Amino acid sequence: LREFGIPFYTVAGSGFFGRQEVLDVLNVLRLLTQPRDPLSLAAVLRSPWVGCSDAALFWIARVEAWENLSSPALRDRLDPEDAGRLEAFRGWFAPIYRHRDRLTVVELIGELLHRTHYRSALSVQPEGRQALGNLRKLLDVARQFESGSESTLHAFVRHLEMRMAHSPREAESALEVETGDTAKLMSIHQAKGLEWSVVAVADLNRDFLMPQGNLLSDPSAGMGIRLRNEELAMEAGEDYDRVKEALDLLELAEQQRLLYVAMTRARDRLLLSGSYDPTKLQSGKGGKDSWLRWIGDLYPIDGS
């Protein structure tokens, strides 16, 4: 969609805390709170903020220059390009570090972005518009955090780390409004009860995640277990296959319901998309491992 310039809106998407621009800012904030931590420093030096080579990191560790990047022992071993990058890093990091306790978190991030021209660098990237939107969202997160009782830099770093751990599906910044003339990306559960003129159901070849494991249970079928036998091979107990069959039937019924919901969201046109192996997807073979196998059995796909 980005490649063809089609505006889209992701309904409750994910990936915000995994975006490089968000991690880049967090790495610098960590370093501001832990200036003597080699791991935090290495993360910043290797990130787009500085861009040092692996060789530079090797020599910093070899001569133990983590706390003195301008030491002669290190300078003599770096090539001019890495030496220049470290010099530029010291030029913007030192003044920000000196003022870290006088600025709010929002002001600190703003100063960081201003001194490093990070926004300008992102704007020329293929997904620069999304990256800039994510930076704006991060600033909004910081403003919201500052309205609380504890708004120190240390507390904000802990706050981000906790959200990364407990909210991995945090949505990226929305570049388009949900009600606008855009393509809507959403799960089938989110689409339930809604309708559009054109609907595309993608990834039809995705295998079902059937119940598996050494311990299976179902309120009506009971419990099945697999244990290691005398040869240390996993062996199913007498009820395991029966319980698994019952759970498999429940999962297949759920997959049928989901496919029905997905396909009935379309008012005028339905697009079904997936990749397939023509040697497997043949009329009459059927199969229970994907939606595409079901559809292919009813409507034979011409592999020619």
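Residues numbered from 1 in each chain as written. Predicted model: local features only at pLDDT ≥ 70, side-chain atom pairs only at ≥ 80, totals over all residues. Heavy atoms only, no water.

This next bit is on the side chain of Gln255. With respect to the element layout, Gln255 can be found in helix 11 (residues 240-263). Taking the relative accessible area as the measure of exposure, Gln255 reaches 6% and is therefore buried. A distance of 2.8 Å separates the side chain of Gln255 from the side chain of Glu251, its partner in a polar contact. Once residues lying within four places of it in the same chain are set aside, the contact partners of Gln255 are Arg206, Phe208, Trp291 and Trp294. (Helix = DSSP H or I, 4+ residues; strand = E, 2+ residues; numbered from the N terminus. Buried < 20%, exposed > 50% of the residue type's maximum accessible area, 1.4 Å probe, protein only. Polar contact = N/O pair within 3.5 Å; in protein donor to acceptor, adjacent residues only side chain to side chain. Contact = heavy atoms within 4.5 Å.)

Turning our eyes to something else, we now look at helix 9 (residues 153-166). Between its first and last C-alpha atoms helix 9 spans 20 Å; for 14 residues at 1.5 Å apiece the expected length is 20 Å, and the two agree. Within helix 9, burial applies to Leu153, Ala155, Phe156, Val157, Leu160 and Arg163. (Expected span 1.5 Å × (residues − 1).)

What follows is about the pattern of salt bridges. Summed over all chains, the structure comprises 13 salt bridges. Between Arg36 and Glu67 there is a salt bridge whose closest N-O contact spans 2.6 Å. Within this pair, whereas Arg36 is found in the loop between helix 1 (20-33) and helix 2 (38-46), its partner Glu67 is found in the loop between helix 3 (54-62) and helix 4 (72-75), the two being separated by 31 residues in sequence. As far as the burial class goes, Arg36 and Glu67 line up, both exposed. Here Glu81 ties to Arg85 by a salt bridge, and the two come within 2.7 Å at their closest N and O atoms. Taken together, the residues Glu81 and Arg85, both in helix 5 (residues 80-98) and four residues apart, mark about one turn of the helix. Each of Glu81, Asp82 and Arg85 takes part in salt bridges that share partners, so that together they form one network. (Salt bridge = Lys/Arg side-chain N within 4 Å of Asp/Glu carboxyl O.)

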